[in-house]
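Given next are the chains, with one letter for each unit.
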Amino acid sequence: MVEERRAKIARKTKETDITIDFSVDGTGKADIKSGIGFFDHMLEGFTRHGLFDMSCDIKGDLAVDCHHTIEDTGIVLGTAIKKAIGNKAGIKRYGSCMLPMDESLVLCAIDLCNRPYLSFDGEFPTEKIGYMDTEMVKEFFYAISYTAGMNLHIKVINGGNSHHMCEAMFKAFAKALDEATTIDPRITDIMTTKGAL
């Protein structure tokens, strides 16, 4: 019997109160409530296109702005991803996706190596998408990369509409993570020549 790769993480501060239940081996079911409509839309797309299952109960100081809510969600989600994956035995470790969305084209590549790093190359033409500040997209992925211990590259190859660019990022990230976490029966230990990640 294969052990379920799932984690439930809760984090409460004076600014946010967030609980995320994340399953790597899901079917794309999402239950997201953050108070930021476009952010919910992005997290639902991530869940669906990565074929993960995720429920998020996100409360933040939205009267201030969206910064703490989005950044702290990245912290909790990254922590949940790392815990759910476990010791990484048998997984491919690397994943990548080049994803088109109308005029926009985004590349995402991941290495689940325990060495956090974010390379983010993308400029949005607008400051907001709905009630979400576009500058928070980079902060969200930065928080995930550092708490999950992943090397994460996101590059906008063709830009255009901010909504399309952002959605392509979240979906490409989902597809790349799905590939990186896939168990390959040919890999009997951890995918490294060093013996440990």
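To start, this report covers the structure provided alongside it. By convention here, each chain's residues receive numbers from 1 onward along its written sequence. Note on the predicted model: pLDDT of at least 70 is required for a residue's local features to be given, and 80 or more for side-chain atom pairs to be given and counted; whole-chain, interface and lining totals, by contrast, use all residues. To obtain the side-chain values, all non-hydrogen atoms of the structure were used and water was disregarded.

1. Digging into the side chain of K171
Secondary structure counts use DSSP, requiring at least four H or I residues in a row for a helix and at least two E residues in a row for a strand, with both numbered from the N terminus. Residue position: K171 is located in helix α4 (residues 162-180). Accessible area is worked out with a 1.4 Å probe on protein chains only. A residue is then buried under 20% of its type maximum, exposed over 50%, and partly exposed in between. Residue classification places K171 among the buried positions, given a relative accessible area of 15%. We call two residues in contact when some of their heavy atoms are within 4.5 Å. Among all residues touching K171, those that are not within four sequence positions of it are H49, L99 and M101.

2. Section: the sheet that holds strand β5 (residues 94-101)
An order of β5-β6-β10-β7 is seen for the four strands of this open sheet, with the pairing classed as mixed. One side of each edge strand has no neighbouring strand; the edge strands of this open sheet are β5 and β7 (117-121). Looking at each pair of strands side by side, their axes are set apart by 10° on average, direction ignored. Pairing between two strands requires that DSSP report at least two bridges joining them. Where β7 lies against strand β10 (residues 151-158), five bridges are found, and the strand directions are parallel. Paired with Y117 across the strands is N151, a residue of β10. Every axis corresponds to a line fitted to the C-alpha atoms, with the helix fit spanning only the stretch in contact, and the corresponding angles, defined between N-to-C directions, vary from 0 to 180 degrees. Helix α3 (residues 135-148) rests against β7 and β10 of the sheet, and its axis sits at about 160° to β7. Most of the contacts of α4 go to β5, to which it runs at about 150°, and overall it touches β5, β6 (104-111), β7 and β10.

3. Some thoughts on the packing of aromatic side chains
Here a pair means two rings of Phe, Tyr or Trp (six-membered ring of Trp) with centres within 6.5 Å. Their orientation is stacked below 30 degrees between planes, edge-to-face above 60, and tilted elsewhere. Tallying each qualifying case throughout the model produces 10 aromatic pairs. Aromatic side chains F46 and F52 sit 5.1 Å apart centroid to centroid with 40° between the ring planes, which places their arrangement in the tilted category. The buried category is assigned to F52, whose relative accessible area is 0%. Centre to centre, the rings of F140 and F141 are 5.3 Å apart; their planes meet at 70°, and the pair counts as edge-to-face. Members of the aromatic cluster, joined through ring pairs, are F22, F39, F46, F52, F140, F141, F170 and F173.

Just geometry here; none of it tells us what the structure is for.
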